[in-house]
Amino acid sequence: MSKFFTRMGDGSAVWADEAEIRADLEAGMHEAVRRAKISELTDEDMERLYSIITAPNKIVSVERGNEVVHTFDAGTLKFGLRGGVPVDRLATALAHERSMCSDTFEMGHVDYSYKAVKPIVFEERQAMEQIQLNTVIPVFYGAMPNVGSYTKPDGPIDNWAELLPLGKIQEAQQAQEEAIEHSMRDMVYVAKIMYEGGADGINFDSVGASGDADFLATLRTVEFLRQKYPEMDIEVGMAGEFVLGMHGQLTYDGKRLAGMYPHKQVEVVAKAGATVFGPVINTVASKSFSWNLARSVTIVKACTAVSPIAVHPNAGMGVGGIPLTNTCPMDAMSRTSKALVEIGKADGL
């Protein structure tokens, strides 16, 4: 039986036959169904997914008419400050617009959290104004809620990660509830200044990285901003595929946040007033690309099926079915993009 070139979840190259690929597709799909409690992909979906993975082309693309919008998180950081190319943020934005044909762009600070940006927000607004004067594409401002940064010694609150192992459950929960209030004030403050200074929208990136308190702080912030700025574009991108229950009892709109998978996350994100939702599906490095992609597509399709807002899955290093490598192989990247759009029905990436 002929072998097909494919990859593992860590990006390493492997050759697999039809039976191995189909078995991994089934296993990955069923793992998503089991964990997220969602519907299976149809036989037609699975067959199409197999054809995408085994396509002889090194790089594949969506069919004409299926093109989608791309949004970026931390664009100024990945290309410039953290990407090893010695250019400033304006040059990075221009490169994305004029060379890389990006649909949107996001400006952010190297210390990528709203707490850290607050003291320098007016300098950030000046940089945003300069970028806006030189670009045409929509430019967002973004950072992480990073509720964990409000704990001691960098913040005023006791660290719940230290309290929980000591069995101080109530104290840990109270600390997280206090952190929510600090985080909301900073996110609202920064978002207002940047939006009124010319940002086309605000991005909340890696939401839930500190657990359900992180998610709740973002939802409440989005709700406030939507009421104050009815026309604001707001993107919410998650940190992981399910919400960690560091608190465990926090709710929004009567729904417990801990343990939510993307098809449930998008409901509360839309309720709060966001316009774009970025679900995350974590790549398992020890599993095959076929296994990871089937799992990601299954979860994304369940999310888009119920979402009233645009769904732009996070598709990058170690998420969305893409291998966990610093430089993503384009054969895997292009196949992931095509599958998420044409089978998962994503509105963008």
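Details of the structure are given in the entry above.
Per chain, the residues get numbers from 1 upward, laid out in the order the sequence is written. Local features in a predicted model are, by the rule used here, given only for residues with pLDDT of at least 70; side-chain atom pairs are given and counted only at 80 or more, and totals for whole chains, interfaces and linings are based on all residues. Remark: hydrogens and water are excluded; side-chain values derive from all non-hydrogen atoms of the structure.

### Some words on the nonpolar core
Nonpolar side chains in soluble globular proteins tend to end up buried together. As a reminder, the rule being used: Only buried residues count toward a nonpolar core. Its members are Ala, Val, Leu, Ile, Met, Phe, Trp, Tyr and Cys residues joined through side-chain atoms within 4.5 Å. Relative accessibility thresholds used throughout: buried, under 20% of the residue-type maximum; exposed, over 50%; partly exposed, between the two (1.4 Å probe, protein chains only). Every helix listed is a DSSP run of H or I at least four residues long, and every strand listed is a run of E at least two residues long, numbered separately from the N terminus.
With 66 residues, the main nonpolar core has Tyr141, Phe204 and Phe215 as its most contacted residues. Tallying contributions element by element places helix H8 (residues 169–196) first for this core, with 10 residues.

### Points about the packing of aromatic side chains
Short version of the rule: For this analysis, a ring pair means two rings from Phe, Tyr or Trp (six-membered ring only for Trp) whose centres lie within 6.5 Å, classed as stacked if their planes differ by under 30 degrees, edge-to-face if by over 60, and tilted for the remaining angles. For a ring to carry a charge above it, either NZ of a lysine or CZ of an arginine must fall within 6 Å of the ring centroid while also lying within 35 degrees of the normal to the ring plane.
This model, assessed by the stated rule, comprises 5 aromatic pairs. Measuring from ring centre to ring centre gives 6.3 Å for Phe4 and Tyr50, while their planes differ by 80°; the resulting arrangement is edge-to-face. Of this pair, Phe4 sits in strand E1 (residues 3–7) while Tyr50 sits in helix H2 (residues 43–53); the two residues are 46 residues apart in sequence, bridging distant segments of the chain. By relative accessible area, which is 22% here, Phe4 ends up partly exposed. Where Phe242 meets Tyr261, the ring centres are 5.7 Å apart and the plane angle is 35°; that geometry is what we call tilted. Of this pair, Phe242 sits in the loop between strand E6 (233–238) and strand E7 (251–252) while Tyr261 sits in the loop between strand E8 (255–256) and helix H10 (262–272), placing them 19 residues apart in sequence. Among the residues examined, Phe242 registers a relative accessible area of 35% and is labelled partly exposed. Between Lys118 and the ring centre of Tyr189, over which it is positioned, the NZ or CZ distance is 5.5 Å. Here the basic side chain of Lys287 rests over the ring of Trp291, its NZ or CZ set 5.4 Å away from the ring centre.

### Describing the sheet that holds strand E3 (residues 105–107)
For clarity, the cut-off: When DSSP finds at least two bridges between two strands, those strands are taken to pair.
With parallel pairing, the 6 strands of this open sheet are ordered in space as E3-E4-E5-E6-E9-E10. Two strands close off the open sheet at either side, each with one partner strand: E3 and strand E10 (310–311). Across 3 bridges, E3 lies against strand E4 (residues 139–143) in parallel orientation. Opposite Glu106, over in E4, you have Phe140 as the bridge partner.

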